[in-house]
Amino acid sequence: MNSQKRCVIVGAGVIGQTHALEAFRAGYDVTVIERDARPLGASVRNFGTLWPIGCRTGSEREQALEGVSRWKKLAPEVGYWIDPCGSLSLAYRQEAWEVLQEFGQNHGDDSFQLMTPAEVAEGYPLANLERLKGALFSARESVVQAHSTMTAMTGFLAREGVKMSFETPAIKVHDDEVETGDGRRFAFDQLVIAAGREMRVLFPDELKAAGIFQSRLQMMRTTPLAGGQRLGAVMVGDLTLCHYPAFENCASIGALRERLHEELPEHHAHGVHVIAAQHEDGSLTLGDSHEYGHDFDPGYDSGVESLILEALGEFTRLPKFEVRKRWHGIYLKSTKGITQVVLHPRENVTMVTAMGGLGMTLSWGLARRTVQSWS
Ligand SMILES: Cc1cc2nc3c(=O)[nH]c(=O)nc-3n(C[C@H](O)[C@H](O)[C@H](O)COP(=O)(O)OP(=O)(O)OC[C@H]3O[C@@H](n4cnc5c(N)ncnc54)[C@H](O)[C@@H]3O)c2cc1C
(Lines give C-alpha, C1' and ligand atoms only; values in the text may rest on other atoms or scores of the structure.)
Protein backbone atom coordinates (compact mmCIF):
# COMPACT_ATOMS: atom_id res chain seq x y z
CA MET A 1 0.00 0.00 0.00
CA ASN A 2 1.29 3.50 -0.90
CA SER A 3 1.94 5.42 2.31
CA GLN A 4 2.88 8.70 0.61
CA LYS A 5 0.85 11.55 2.08
CA ARG A 6 -1.43 13.42 -0.29
CA CYS A 7 -1.55 17.20 -0.51
CA VAL A 8 -4.26 18.86 -2.59
CA ILE A 9 -4.00 22.54 -3.45
CA VAL A 10 -6.91 24.59 -4.73
CA GLY A 11 -5.67 27.44 -6.94
CA ALA A 12 -2.64 27.67 -9.26
CA GLY A 13 -1.74 31.28 -8.48
CA VAL A 14 1.57 32.09 -6.84
CA ILE A 15 0.43 30.98 -3.40
CA GLY A 16 -0.84 27.64 -4.72
CA GLN A 17 2.28 27.06 -6.82
CA THR A 18 4.78 27.88 -4.07
CA HIS A 19 2.93 25.63 -1.64
CA ALA A 20 2.87 22.90 -4.32
CA LEU A 21 6.65 22.94 -4.74
CA GLU A 22 7.31 23.07 -0.99
CA ALA A 23 4.95 20.16 -0.34
CA PHE A 24 6.34 18.15 -3.24
CA ARG A 25 9.92 18.63 -2.04
CA ALA A 26 8.83 17.59 1.45
CA GLY A 27 7.73 14.26 -0.02
CA TYR A 28 4.01 14.76 -0.57
CA ASP A 29 2.05 13.47 -3.52
CA VAL A 30 0.75 16.86 -4.71
CA THR A 31 -2.23 17.71 -6.90
CA VAL A 32 -3.07 21.30 -7.85
CA ILE A 33 -6.69 21.91 -8.81
CA GLU A 34 -7.23 25.08 -10.86
CA ARG A 35 -10.59 26.33 -12.06
CA ASP A 36 -9.26 27.98 -15.25
CA ALA A 37 -7.16 26.62 -18.11
CA ARG A 38 -4.17 28.58 -16.72
CA PRO A 39 -3.57 30.98 -13.84
CA LEU A 40 -5.48 34.19 -14.55
CA GLY A 41 -5.83 35.77 -11.10
CA ALA A 42 -3.80 38.36 -9.18
CA SER A 43 -0.59 36.43 -9.75
CA VAL A 44 -0.51 37.22 -13.48
CA ARG A 45 -1.80 40.77 -13.06
CA ASN A 46 0.82 42.23 -10.75
CA PHE A 47 3.97 44.32 -11.25
CA GLY A 48 6.25 41.34 -10.74
CA THR A 49 8.22 43.32 -8.19
CA LEU A 50 9.81 41.35 -5.36
CA TRP A 51 9.56 44.03 -2.77
CA PRO A 52 11.26 43.72 0.63
CA ILE A 53 11.33 47.50 0.87
CA GLY A 54 7.56 47.43 1.31
CA CYS A 55 7.65 45.01 4.24
CA ARG A 56 7.69 45.70 7.96
CA THR A 57 11.11 45.41 9.58
CA GLY A 58 11.66 42.10 11.39
CA SER A 59 10.12 38.78 10.47
CA GLU A 60 8.13 40.15 7.53
CA ARG A 61 11.25 41.63 5.93
CA GLU A 62 13.14 38.38 6.58
CA GLN A 63 10.34 36.48 4.85
CA ALA A 64 10.50 38.89 1.90
CA LEU A 65 14.28 38.44 1.59
CA GLU A 66 13.77 34.69 1.66
CA GLY A 67 11.24 35.13 -1.17
CA VAL A 68 13.62 37.15 -3.32
CA SER A 69 16.37 34.63 -2.76
CA ARG A 70 14.10 31.71 -3.75
CA TRP A 71 12.91 33.47 -6.92
CA LYS A 72 16.54 34.20 -7.88
CA LYS A 73 17.73 30.68 -7.17
CA LEU A 74 14.88 29.03 -9.08
CA ALA A 75 15.10 31.27 -12.16
CA PRO A 76 17.71 29.25 -14.12
CA GLU A 77 16.13 25.93 -13.13
CA VAL A 78 12.57 26.94 -14.03
CA GLY A 79 13.49 29.26 -16.92
CA TYR A 80 11.98 32.66 -16.13
CA TRP A 81 13.60 36.08 -16.47
CA ILE A 82 14.54 37.96 -13.32
CA ASP A 83 16.25 41.33 -12.97
CA PRO A 84 17.94 41.97 -9.58
CA CYS A 85 17.91 45.69 -10.34
CA GLY A 86 16.99 47.05 -6.88
CA SER A 87 14.61 49.94 -6.28
CA LEU A 88 15.02 53.70 -6.36
CA SER A 89 12.69 55.80 -4.18
CA LEU A 90 12.84 59.40 -5.38
CA ALA A 91 11.83 62.29 -3.07
CA TYR A 92 10.44 65.58 -4.43
CA ARG A 93 8.99 67.05 -1.24
CA GLN A 94 11.12 67.88 1.77
CA GLU A 95 8.81 65.68 3.88
CA ALA A 96 9.47 62.70 1.59
CA TRP A 97 13.21 63.27 1.73
CA GLU A 98 12.98 63.28 5.53
CA VAL A 99 11.13 59.95 5.47
CA LEU A 100 13.81 58.42 3.25
CA GLN A 101 16.65 59.72 5.41
CA GLU A 102 14.98 58.46 8.58
CA PHE A 103 14.25 55.09 6.98
CA GLY A 104 17.83 54.76 5.70
CA GLN A 105 19.29 55.67 9.11
CA ASN A 106 16.92 53.38 11.04
CA HIS A 107 17.97 50.40 8.97
CA GLY A 108 21.73 50.88 9.00
CA ASP A 109 21.89 48.13 6.38
CA ASP A 110 24.45 48.47 3.62
CA SER A 111 21.88 47.43 1.03
CA PHE A 112 20.36 50.94 1.44
CA GLN A 113 22.12 53.96 0.00
CA LEU A 114 20.95 57.57 0.25
CA MET A 115 21.75 59.44 -2.97
CA THR A 116 22.12 63.10 -3.88
CA PRO A 117 20.43 64.44 -7.04
CA ALA A 118 23.86 64.52 -8.72
CA GLU A 119 24.39 60.82 -7.97
CA VAL A 120 20.90 60.04 -9.29
CA ALA A 121 21.67 61.99 -12.48
CA GLU A 122 24.78 59.94 -13.04
CA GLY A 123 23.22 56.50 -12.53
CA TYR A 124 19.60 56.94 -13.62
CA PRO A 125 19.17 59.13 -16.71
CA LEU A 126 15.40 58.45 -16.83
CA ALA A 127 14.79 59.84 -13.31
CA ASN A 128 13.35 63.36 -13.17
CA LEU A 129 15.92 65.68 -11.59
CA GLU A 130 13.69 68.75 -11.43
CA ARG A 131 12.88 69.55 -7.78
CA LEU A 132 14.53 66.27 -6.72
CA LYS A 133 15.65 66.44 -3.08
CA GLY A 134 17.37 63.08 -2.91
CA ALA A 135 16.74 59.35 -3.29
CA LEU A 136 17.13 56.02 -1.56
CA PHE A 137 18.54 53.11 -3.52
CA SER A 138 17.78 49.69 -2.11
CA ALA A 139 19.64 46.74 -3.58
CA ARG A 140 17.31 43.94 -2.48
CA GLU A 141 14.36 44.32 -4.87
CA SER A 142 14.02 42.37 -8.11
CA VAL A 143 11.57 42.18 -10.98
CA VAL A 144 10.06 39.20 -12.76
CA GLN A 145 7.45 39.24 -15.51
CA ALA A 146 4.44 37.89 -13.65
CA HIS A 147 2.65 36.16 -16.51
CA SER A 148 5.62 34.37 -18.04
CA THR A 149 6.92 33.44 -14.59
CA MET A 150 3.65 31.77 -13.64
CA THR A 151 3.58 29.94 -16.99
CA ALA A 152 7.16 28.74 -16.52
CA MET A 153 6.40 27.66 -12.94
CA THR A 154 3.33 25.70 -14.10
CA GLY A 155 5.42 23.74 -16.62
CA PHE A 156 8.20 23.20 -14.10
CA LEU A 157 5.86 21.84 -11.43
CA ALA A 158 4.35 19.41 -13.93
CA ARG A 159 7.82 18.25 -15.04
CA GLU A 160 8.87 17.76 -11.42
CA GLY A 161 5.89 15.45 -10.84
CA VAL A 162 3.18 17.69 -9.35
CA LYS A 163 -0.20 16.74 -10.84
CA MET A 164 -1.71 19.86 -12.38
CA SER A 165 -5.46 19.61 -12.99
CA PHE A 166 -6.69 22.64 -14.93
CA GLU A 167 -10.29 23.52 -15.80
CA THR A 168 -11.26 21.82 -12.56
CA PRO A 169 -13.25 24.06 -10.22
CA ALA A 170 -13.39 22.84 -6.63
CA ILE A 171 -16.97 23.10 -5.39
CA LYS A 172 -17.00 21.46 -1.98
CA VAL A 173 -14.64 20.27 0.72
CA HIS A 174 -15.62 17.03 2.44
CA ASP A 175 -13.82 15.54 5.47
CA ASP A 176 -10.80 14.35 3.51
CA GLU A 177 -11.78 14.91 -0.10
CA VAL A 178 -12.31 17.87 -2.42
CA GLU A 179 -15.19 17.56 -4.84
CA THR A 180 -14.83 19.23 -8.23
CA GLY A 181 -17.42 20.45 -10.72
CA ASP A 182 -17.10 17.36 -12.89
CA GLY A 183 -18.01 15.09 -9.97
CA ARG A 184 -14.50 13.85 -9.23
CA ARG A 185 -13.19 13.64 -5.68
CA PHE A 186 -9.54 14.30 -4.74
CA ALA A 187 -8.51 12.70 -1.44
CA PHE A 188 -6.10 14.59 0.79
CA ASP A 189 -4.14 14.35 4.02
CA GLN A 190 -3.48 18.09 3.81
CA LEU A 191 -5.49 20.61 1.84
CA VAL A 192 -4.30 24.13 0.97
CA ILE A 193 -6.88 26.58 -0.32
CA ALA A 194 -5.20 29.38 -2.23
CA ALA A 195 -8.16 30.45 -4.33
CA GLY A 196 -7.59 34.21 -4.20
CA ARG A 197 -10.80 36.20 -4.16
CA GLU A 198 -12.86 33.07 -4.80
CA MET A 199 -11.96 31.69 -1.41
CA ARG A 200 -15.45 32.75 -0.38
CA VAL A 201 -16.98 29.91 -2.43
CA LEU A 202 -15.52 27.18 -0.22
CA PHE A 203 -15.47 28.64 3.30
CA PRO A 204 -17.49 31.87 3.18
CA ASP A 205 -18.20 32.12 6.92
CA GLU A 206 -14.58 31.67 7.96
CA LEU A 207 -13.48 34.28 5.44
CA LYS A 208 -16.09 36.74 6.60
CA ALA A 209 -15.20 36.23 10.25
CA ALA A 210 -11.53 36.90 9.47
CA GLY A 211 -12.39 40.42 8.28
CA ILE A 212 -11.15 40.15 4.73
CA PHE A 213 -12.06 42.67 2.06
CA GLN A 214 -11.13 43.19 -1.57
CA SER A 215 -9.00 45.81 -3.22
CA ARG A 216 -9.20 46.44 -6.95
CA LEU A 217 -6.18 47.96 -8.68
CA GLN A 218 -5.94 49.59 -12.10
CA MET A 219 -2.81 48.74 -14.08
CA MET A 220 -1.24 49.23 -17.52
CA ARG A 221 1.68 48.05 -19.65
CA THR A 222 3.53 50.30 -22.08
CA THR A 223 5.31 49.67 -25.33
CA PRO A 224 9.08 49.01 -24.90
CA LEU A 225 10.99 52.24 -24.25
CA ALA A 226 12.64 53.60 -27.40
CA GLY A 227 16.30 52.84 -28.07
CA GLY A 228 16.45 50.05 -25.50
CA GLN A 229 16.51 52.61 -22.65
CA ARG A 230 16.32 51.12 -19.16
CA LEU A 231 15.15 52.57 -15.85
CA GLY A 232 18.01 50.79 -14.05
CA ALA A 233 15.85 50.09 -10.97
CA VAL A 234 12.18 49.85 -10.07
CA MET A 235 11.25 53.51 -9.59
CA VAL A 236 8.77 55.05 -7.18
CA GLY A 237 8.06 58.57 -5.93
CA ASP A 238 6.66 60.34 -2.87
CA LEU A 239 3.21 58.72 -2.97
CA THR A 240 4.55 55.19 -2.56
CA LEU A 241 6.15 55.99 0.81
CA CYS A 242 2.67 56.34 2.30
CA HIS A 243 1.47 53.09 0.82
CA TYR A 244 3.63 50.33 2.32
CA PRO A 245 3.81 49.28 6.00
CA ALA A 246 7.64 49.52 5.95
CA PHE A 247 7.52 53.30 6.38
CA GLU A 248 4.77 53.34 9.03
CA ASN A 249 7.24 53.62 11.87
CA CYS A 250 9.03 56.71 10.51
CA ALA A 251 8.06 59.69 12.68
CA SER A 252 8.22 61.90 9.59
CA ILE A 253 5.58 59.94 7.60
CA GLY A 254 2.65 61.86 9.13
CA ALA A 255 3.79 65.20 7.69
CA LEU A 256 4.26 63.66 4.23
CA ARG A 257 0.87 62.01 4.35
CA GLU A 258 -0.78 65.29 5.30
CA ARG A 259 0.94 67.25 2.55
CA LEU A 260 0.16 64.72 -0.16
CA HIS A 261 -3.44 64.49 0.95
CA GLU A 262 -3.78 68.26 0.73
CA GLU A 263 -1.90 68.67 -2.58
CA LEU A 264 -3.22 65.60 -4.38
CA PRO A 265 -6.77 64.98 -3.11
CA GLU A 266 -7.84 63.09 -6.23
CA HIS A 267 -4.85 60.72 -6.03
CA HIS A 268 -5.77 60.18 -2.40
CA ALA A 269 -9.45 59.53 -3.22
CA HIS A 270 -8.50 56.83 -5.75
CA GLY A 271 -5.66 55.37 -3.69
CA VAL A 272 -3.13 56.18 -6.42
CA HIS A 273 0.57 55.63 -5.89
CA VAL A 274 2.92 54.73 -8.69
CA ILE A 275 5.42 51.96 -9.32
CA ALA A 276 7.31 51.77 -12.62
CA ALA A 277 8.74 48.29 -13.21
CA GLN A 278 10.59 47.46 -16.42
CA HIS A 279 10.60 44.05 -18.05
CA GLU A 280 12.97 42.12 -20.28
CA ASP A 281 11.53 43.57 -23.50
CA GLY A 282 11.85 47.15 -22.22
CA SER A 283 8.12 47.64 -21.56
CA LEU A 284 6.95 49.10 -18.25
CA THR A 285 4.24 47.87 -15.94
CA LEU A 286 2.66 50.93 -14.37
CA GLY A 287 0.07 51.34 -11.68
CA ASP A 288 -1.82 51.59 -9.51
CA SER A 289 -5.01 52.76 -7.85
CA HIS A 290 -6.92 51.16 -4.97
CA GLU A 291 -10.65 50.76 -4.73
CA TYR A 292 -11.90 48.96 -1.64
CA GLY A 293 -15.10 46.99 -1.16
CA HIS A 294 -16.86 43.73 -1.89
CA ASP A 295 -18.01 44.48 -5.42
CA PHE A 296 -16.87 46.91 -8.08
CA ASP A 297 -18.46 48.63 -11.05
CA PRO A 298 -17.10 47.22 -14.29
CA GLY A 299 -15.03 49.39 -16.57
CA TYR A 300 -11.58 50.91 -16.74
CA ASP A 301 -11.34 54.52 -15.57
CA SER A 302 -9.38 56.80 -17.90
CA GLY A 303 -9.45 59.55 -15.24
CA VAL A 304 -7.58 57.26 -12.84
CA GLU A 305 -5.13 56.41 -15.63
CA SER A 306 -4.41 60.13 -16.06
CA LEU A 307 -3.73 60.44 -12.32
CA ILE A 308 -1.28 57.53 -12.48
CA LEU A 309 0.52 59.01 -15.50
CA GLU A 310 0.63 62.43 -13.87
CA ALA A 311 2.25 60.99 -10.75
CA LEU A 312 4.67 59.00 -12.95
CA GLY A 313 5.68 62.28 -14.61
CA GLU A 314 6.80 63.65 -11.25
CA PHE A 315 9.62 61.15 -10.87
CA THR A 316 10.51 60.08 -14.41
CA ARG A 317 11.51 61.65 -17.72
CA LEU A 318 10.62 58.91 -20.15
CA PRO A 319 10.87 58.77 -23.93
CA LYS A 320 7.48 58.78 -25.66
CA PHE A 321 5.54 55.54 -25.09
CA GLU A 322 2.08 54.17 -25.65
CA VAL A 323 -0.08 52.22 -23.27
CA ARG A 324 -0.46 48.81 -24.87
CA LYS A 325 -2.48 46.92 -22.26
CA ARG A 326 -4.84 47.91 -19.47
CA TRP A 327 -6.33 45.69 -16.79
CA HIS A 328 -7.66 45.40 -13.28
CA GLY A 329 -6.37 43.08 -10.58
CA ILE A 330 -7.98 42.24 -7.29
CA TYR A 331 -6.34 41.12 -4.09
CA LEU A 332 -7.66 40.37 -0.64
CA LYS A 333 -6.63 42.38 2.41
CA SER A 334 -7.26 42.12 6.11
CA THR A 335 -9.21 44.84 7.93
CA LYS A 336 -6.93 44.14 10.91
CA GLY A 337 -3.75 45.15 9.07
CA ILE A 338 -2.39 41.58 9.00
CA THR A 339 -0.31 41.00 5.87
CA GLN A 340 -0.98 37.28 5.60
CA VAL A 341 -4.00 35.55 7.01
CA VAL A 342 -3.76 31.82 7.53
CA LEU A 343 -6.99 30.11 8.56
CA HIS A 344 -7.65 26.53 9.59
CA PRO A 345 -11.36 25.85 9.15
CA ARG A 346 -10.42 22.23 9.95
CA GLU A 347 -7.30 20.61 11.33
CA ASN A 348 -5.93 19.47 7.96
CA VAL A 349 -7.19 22.44 5.90
CA THR A 350 -5.08 25.58 5.47
CA MET A 351 -6.54 28.68 3.83
CA VAL A 352 -3.94 31.23 2.82
CA THR A 353 -5.18 34.66 2.00
CA ALA A 354 -4.95 38.45 2.31
CA MET A 355 -1.35 38.82 1.21
CA GLY A 356 -2.39 42.16 -0.25
CA GLY A 357 0.15 43.70 -2.60
CA LEU A 358 3.02 41.53 -1.36
CA GLY A 359 1.99 37.99 -2.28
CA MET A 360 4.67 37.47 -4.93
CA THR A 361 7.29 38.58 -2.42
CA LEU A 362 6.10 36.73 0.66
CA SER A 363 4.63 33.48 -0.65
CA TRP A 364 7.80 31.31 -0.56
CA GLY A 365 8.39 31.93 3.14
CA LEU A 366 4.78 31.31 3.94
CA ALA A 367 4.68 28.11 1.90
CA ARG A 368 7.76 26.80 3.71
CA ARG A 369 6.18 27.52 7.08
CA THR A 370 2.86 25.93 6.13
CA VAL A 371 4.50 22.70 5.02
CA GLN A 372 6.85 22.60 8.04
CA SER A 373 3.83 22.92 10.33
CA TRP A 374 2.50 19.58 9.04
CA SER A 375 5.38 17.52 10.42
C1 LIG B 1 -2.54 44.65 -9.54
C2 LIG B 1 -1.72 43.92 -8.52
C3 LIG B 1 -0.38 44.23 -8.36
C4 LIG B 1 0.39 43.53 -7.43
N5 LIG B 1 1.73 43.73 -7.39
C6 LIG B 1 2.51 42.94 -6.61
C7 LIG B 1 3.92 43.05 -6.66
O8 LIG B 1 4.48 43.79 -7.44
N9 LIG B 1 4.65 42.29 -5.79
C10 LIG B 1 4.07 41.42 -4.92
O11 LIG B 1 4.78 40.80 -4.14
N12 LIG B 1 2.73 41.23 -4.92
C13 LIG B 1 1.95 41.96 -5.75
N14 LIG B 1 0.60 41.80 -5.76
C15 LIG B 1 0.00 40.80 -4.87
C16 LIG B 1 0.04 39.40 -5.43
O17 LIG B 1 -0.17 39.42 -6.83
C18 LIG B 1 -1.03 38.57 -4.72
O19 LIG B 1 -0.85 38.67 -3.31
C20 LIG B 1 -0.91 37.11 -5.13
O21 LIG B 1 -0.91 37.00 -6.53
C22 LIG B 1 -2.05 36.31 -4.56
O23 LIG B 1 -1.87 35.01 -5.02
P24 LIG B 1 -3.01 33.92 -4.97
O25 LIG B 1 -2.39 32.66 -5.45
O26 LIG B 1 -3.68 33.95 -3.64
O27 LIG B 1 -4.15 34.47 -5.91
P28 LIG B 1 -4.52 34.30 -7.51
O29 LIG B 1 -3.34 34.57 -8.34
O30 LIG B 1 -5.72 35.11 -7.66
O31 LIG B 1 -4.78 32.76 -7.61
C32 LIG B 1 -5.95 32.14 -7.18
C33 LIG B 1 -6.25 31.01 -8.13
O34 LIG B 1 -7.28 30.21 -7.60
C35 LIG B 1 -8.12 29.80 -8.66
N36 LIG B 1 -9.42 29.42 -8.11
C37 LIG B 1 -10.34 30.23 -7.50
N38 LIG B 1 -11.40 29.51 -7.08
C39 LIG B 1 -11.16 28.23 -7.42
C40 LIG B 1 -11.90 27.03 -7.26
N41 LIG B 1 -13.08 27.00 -6.64
N42 LIG B 1 -11.37 25.88 -7.74
C43 LIG B 1 -10.15 25.88 -8.36
N44 LIG B 1 -9.42 27.00 -8.54
C45 LIG B 1 -9.91 28.15 -8.06
C46 LIG B 1 -8.19 31.04 -9.56
O47 LIG B 1 -8.63 30.70 -10.85
C48 LIG B 1 -6.74 31.54 -9.48
O49 LIG B 1 -5.94 30.99 -10.50
C50 LIG B 1 -0.22 42.52 -6.63
C51 LIG B 1 -1.57 42.23 -6.78
C52 LIG B 1 -2.32 42.91 -7.72
C53 LIG B 1 -3.76 42.57 -7.88
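Residues numbered from 1 in each chain as written. Predicted model: local features only at pLDDT ≥ 70, side-chain atom pairs only at ≥ 80, totals over all residues.

1. A few points about the site of the ligand
Here is step 1 of the chain: What surrounds the ligand is a group of 42 residues, the closest being Gly13, Gly41, Gly196, Gly329 and Gly359.
Here is step 2 of the chain: Of all elements in the fold, only α1 (14-25), β14 (212-222), β19 (323-334) and α12 (359-372) reach the threshold of two or more residues within the shell around the ligand.
Here is step 3 of the chain: Residues of the shell around the ligand, tallied by class, amount to 22 nonpolar, 14 polar and six charged. (Near = placed C-beta within 6 Å. Helix = DSSP H or I, 4+ residues; strand = E, 2+ residues; numbered from the N terminus. Nonpolar A, V, L, I, M, F, W, Y, C, P; charged D, E, K, R; others polar.)

2. Some thoughts on the sheet that holds strand β3 (residues 49-50)
Here is step 1 of the chain: Across the sheet, three strands lie side by side as β3-β8-β4; this open sheet has antiparallel pairing. In this open sheet, the two strands that pair with only one neighbour each are β3 and β4 (82-83).
Here is step 2 of the chain: When β3 meets strand β8 (residues 142-144), the two strands line up antiparallel, connected through two bridges. In the sheet register, threonine 49 faces β8, and the bridge partner there is valine 143. (Pairing = 2+ DSSP bridges.)

3. Some points on the environment of histidine 279
Here is step 1 of the chain: In this structure, histidine 279 sits in the loop between β16 (275-278) and β17 (284-287).
Here is step 2 of the chain: For the pair histidine 279 and phenylalanine 103, spaced 176 residues apart in sequence, the C-alpha separation works out to 28 Å.
Here is step 3 of the chain: Excluding anything up to four places from it in sequence, histidine 279 contacts Val143, Gln145 and Thr285. (Contact = placed C-beta atoms within 7 Å.)

4. Examining the pairing of β16
Here is step 1 of the chain: Covered by surrounding structure in β16 are Ile275 and Ala277 together with Ala276 and Gln278, the residues of both alternating faces.
Here is step 2 of the chain: For strand β15 (residues 234-236) and β16, the ladder comprises two bridges, and the chain directions are antiparallel. From the neighbouring strand, methionine 235 faces β16, where its bridge partner is alanine 276.
Here is step 3 of the chain: Adjacent in sequence and paired antiparallel, β16 and β17 are bridged by five residues, among which glycine 282 carries a positive phi angle near 95°. (Buried ≥ 20, exposed ≤ 12 C-beta atoms within 10 Å, placed from the backbone.)

5. Comments concerning the domain arrangement of the protein
Here is step 1 of the chain: Along its sequence, the protein is carved into domain 1 (6-44 + 147-210 + 338-372) and domain 2 (87-139 + 212-334).
Here is step 2 of the chain: Between the C-alpha centres of domain 1 and domain 2 the distance comes to 31 Å.
Here is step 3 of the chain: Listed per partner, the contact involves eleven residues of domain 1 and eight residues of domain 2.
Here is step 4 of the chain: Class assignment for the residues of the side of domain 1 that touches domain 2 results in six nonpolar, four polar and one charged. (Domains from an automatic or database assignment.)

6. Overview of helix α2 (residues 59-78)
Here is step 1 of the chain: The terminal C-alpha atoms of α2 lie 27 Å apart, and with 20 residues this matches the ideal 28 Å at 1.5 Å per residue to within 8%.
Here is step 2 of the chain: Those residues of α2 that sit buried are Glu60, Gln63, Ala64, Gly67, Val68 and Trp71.
Here is step 3 of the chain: Along its buried surface, α2 packs onto β3, β4, β8 and α12.
Here is step 4 of the chain: Phi turns positive one or two residues past the end of α2, at glycine 79, with a value near 95°. (Expected span 1.5 Å × (residues − 1).)

7. What to know about the packing of α2 against α12
Here is step 1 of the chain: Relative orientation of the contacting elements α2 and α12 amounts to 95°, with a least axis distance of 7 Å. Here α12 runs roughly perpendicular to α2, going by the angle between their axes. Every residue of α12 that contacts α2 at Gln63, Ala64, Glu66, Gly67 and Arg70 is listed here: Thr361, Leu362, Ser363, Trp364 and Gly365.
Here is step 2 of the chain: Classifying every residue of the contact of α2 with α12 by side-chain character gives three nonpolar, five polar and two charged. (Axes fitted to C-alpha atoms, helices over the stretch in contact; angles between N-to-C directions. Parallel < 35°, antiparallel > 145°, perpendicular 65-115°, else oblique.)

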